[in-house]
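# A closer look at the structure
Residues per chain, in single letters:
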Amino acid sequence: MPKSTAPRPVRRVCVFCGARDGARPVYLEFARALGALLVERGLGVVYGGASVGLMGALADEALARGGEVIGVLPQALVDREIAHAGLSELHVVDTMHARKAKMAELSDAFVAMPGGLGTFEELFEVITWQMLGIHQKPIGLLDVGGYYAPLRAALEHGAAEGFVDRAQLDALVIEHEPVTLIDRLTRAHAMRAKGRGLTLDET
Ligand code: AMP
């Protein structure tokens, strides 16, 4: 992640999503729909570089429509998550930390789709880094089929109980449809951190 800079126009979107298909067809459908929409809007895709699950569906659709798709995968996962063979660029990095830093560096906004623990971890890292002023890139949650309702409730509970900053929650762009989410993200200027603007070098 580069040092904190002013928000820049959104040209590439980093998408966090499951390495599995999920239990309902709607998840794969929306991964394809998001891939198609990003290409239609002229936006590049940055993602985890796998060919499986929602990750693979998103990449396949964007590539099929002529989009730019950049994958970032740690060497240790090249076989396990089956590195996508047809990407515009594939960065093979040494560690999970290097993966997330590279994905963030290459993109101007973040979107989390349904996914598992890996997706949650990636989402919470970019939210907390935004909170600390490490980046000012907008973050969106694509709440497909109500998947994120329990997480949203947990975040609301955290705010009601005084542990989660309400302004931080309000900065998270949550939508059910890819079009409205991407429209809002491309307009959004991420919340400027209120506190001391840390840089990655200080973390
Ligand atoms: P999941 O949401 O669990 O299906 O995982 C989605 C992606 O997140 C996969 O490519 C995982 O390799 C990745 N992932 C899992 N844990 C981490 C982590 N700690 N840091 C970065 N990526 C992760």
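What you are looking at is a predicted structure, and each value in this text was computed from that prediction instead of being measured.

The next point concerns the pairing of strand S2 (residues 44-47). Residues of S2 alternate between two faces, with Gly44 and Val46 on one and Val45 and Tyr47 on the opposite face, all of them buried. With three bridges joining them, strand S1 (residues 12-16) and S2 adopt parallel strand pairing. Counted as the bridge partner of valine 13 is valine 45 from S2. Note that the unit made of S1, helix H1 (residues 25-40) and S2 has a crossover that is right-handed.

Under the defined criterion, the tally for this structure stands at four aromatic pairs. Residues tyrosine 147 and tyrosine 148 carry aromatic rings whose centres are separated by 4.9 Å and whose planes lie at 75 degrees to one another, so their mutual orientation is edge-to-face. Through a chain of ring-to-ring contacts, three or more aromatic side chains come together here, namely Tyr27, Phe120, Tyr147 and Tyr148.

In this section: the pattern of salt bridges. For the structure on display, the rule yields eleven salt bridges. Glutamate 175 serves as the salt-bridge partner of arginine 184, at 2.7 Å between the closest nitrogen and oxygen. Given a relative accessible area of 33%, arginine 184 falls into the partly exposed group. Ionic contacts of the salt-bridge type, sharing partners, join the residues Lys100, Glu121 and Glu125 into one network.

Following the sequence through the fold, glutamine 168 ends up in helix H6 (residues 166-171). Of the residues examined, glutamine 168 reaches a relative accessible area of 6% and is grouped as buried. With 41 residues separating them along the chain, glutamine 168 and isoleucine 127 place their C-alpha atoms 8.0 Å apart. A polar contact is formed between the side chain of glutamine 168 and the backbone oxygen of isoleucine 127, at a distance of 3.4 Å.

Another point: the environment of glycine 66. By secondary structure assignment, the location of glycine 66 is in the loop between helix H2 (53-64) and strand S3 (69-74). Glycine 66 sits 24 residues away from glycine 42 along the chain, and the two C-alpha atoms are 10.0 Å apart.

So, how was this worked out
- Residues numbered from 1 in each chain as written.
- Predicted model: local features only at pLDDT ≥ 70, side-chain atom pairs only at ≥ 80, totals over all residues.
- Heavy atoms only, no water.
- Buried < 20%, exposed > 50% of the residue type's maximum accessible area, 1.4 Å probe, protein only.
- Helix = DSSP H or I, 4+ residues; strand = E, 2+ residues; numbered from the N terminus.
- Pairing = 2+ DSSP bridges.
- Right-handed = clockwise from strand over helix to strand, strands pointing away.
- Phe/Tyr/Trp six-rings, centres within 6.5 Å; stacked < 30°, edge-to-face > 60°.
- Salt bridge = Lys/Arg side-chain N within 4 Å of Asp/Glu carboxyl O.
- Polar contact = N/O pair within 3.5 Å; in protein donor to acceptor, adjacent residues only side chain to side chain.

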